[in-house]
Amino acid sequence: MNYLNKAFVIFNTAIVSPIYYAIFTTLTILASVIMFKDWDRQKPTQIFTEICGFVTILSGIFLLHKTKEMVEGIY
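Summary of the structure given here. Because the structure is a prediction, the values reported are computed rather than measured. (Residues numbered from 1 in each chain as written. Predicted model: local features only at pLDDT ≥ 70, side-chain atom pairs only at ≥ 80, totals over all residues. Heavy atoms only, no water.)

This paragraph deals with the packing of helix α1 (residues 2-10) against helix α2 (residues 13-36). At a closest axis distance of 8 Å, the pairing of α1 and α2 adopts a crossing angle of 150°. Our classification of the angle between α1 and α2 gives roughly antiparallel. Considering how the two elements wind past one another, α1 and α2 form a crossing that is right-handed. Between α1 and α2, the residues in contact are L4, A7 and F8 and T13, V16, S17 and Y20, respectively. Residues belonging to the contact of α1 with α2 are distributed by class as follows: five nonpolar, two polar and no charged. (Axes fitted to C-alpha atoms, helices over the stretch in contact; angles between N-to-C directions. Helix = DSSP H or I, 4+ residues; strand = E, 2+ residues; numbered from the N terminus. Parallel < 35°, antiparallel > 145°, perpendicular 65-115°, else oblique. Left-handed = near helix turned anticlockwise from the far one by under 90°. Contact = heavy atoms within 4.5 Å. Nonpolar A, V, L, I, M, F, W, Y, C, P; charged D, E, K, R; others polar.)

In structure tokens:
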């Protein structure tokens, strides 16, 4: 938490929050895979679908951040 607060002091909240969300989501999925051995019981198509969903979420975060910068740059 200390490093997150330092990041908020140094950088803009619009930069820190998406990065924090992406890292938190990645580590949560990784921890659940390790702790619950979730992917041992799944078919490859289910694993691929989960990975595609995760990539979609990260892409959405990136696009929202980039389009916000583009709109702010116009005005």
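Having seen it, we continue.
Turning next to the environment of F48. Inspection of the secondary structure puts F48 in helix α3 (residues 44-74). When its relative accessible area of 56% is taken as the criterion, F48 is described as exposed. The spacing of F48 and F11 is 37 residues in sequence and 35 Å in space, taken between C-alpha atoms. (Buried < 20%, exposed > 50% of the residue type's maximum accessible area, 1.4 Å probe, protein only.)

Within the fold, Q42 resides in the loop between α2 and α3. Within the local environment of Q42, its side chain forms a polar contact with the side chain of E50, the two groups lying 2.9 Å apart. When near neighbours in sequence (up to four residues on either side) are disregarded, Q42 contacts I47 and E50. (Polar contact = N/O pair within 3.5 Å; in protein donor to acceptor, adjacent residues only side chain to side chain.)

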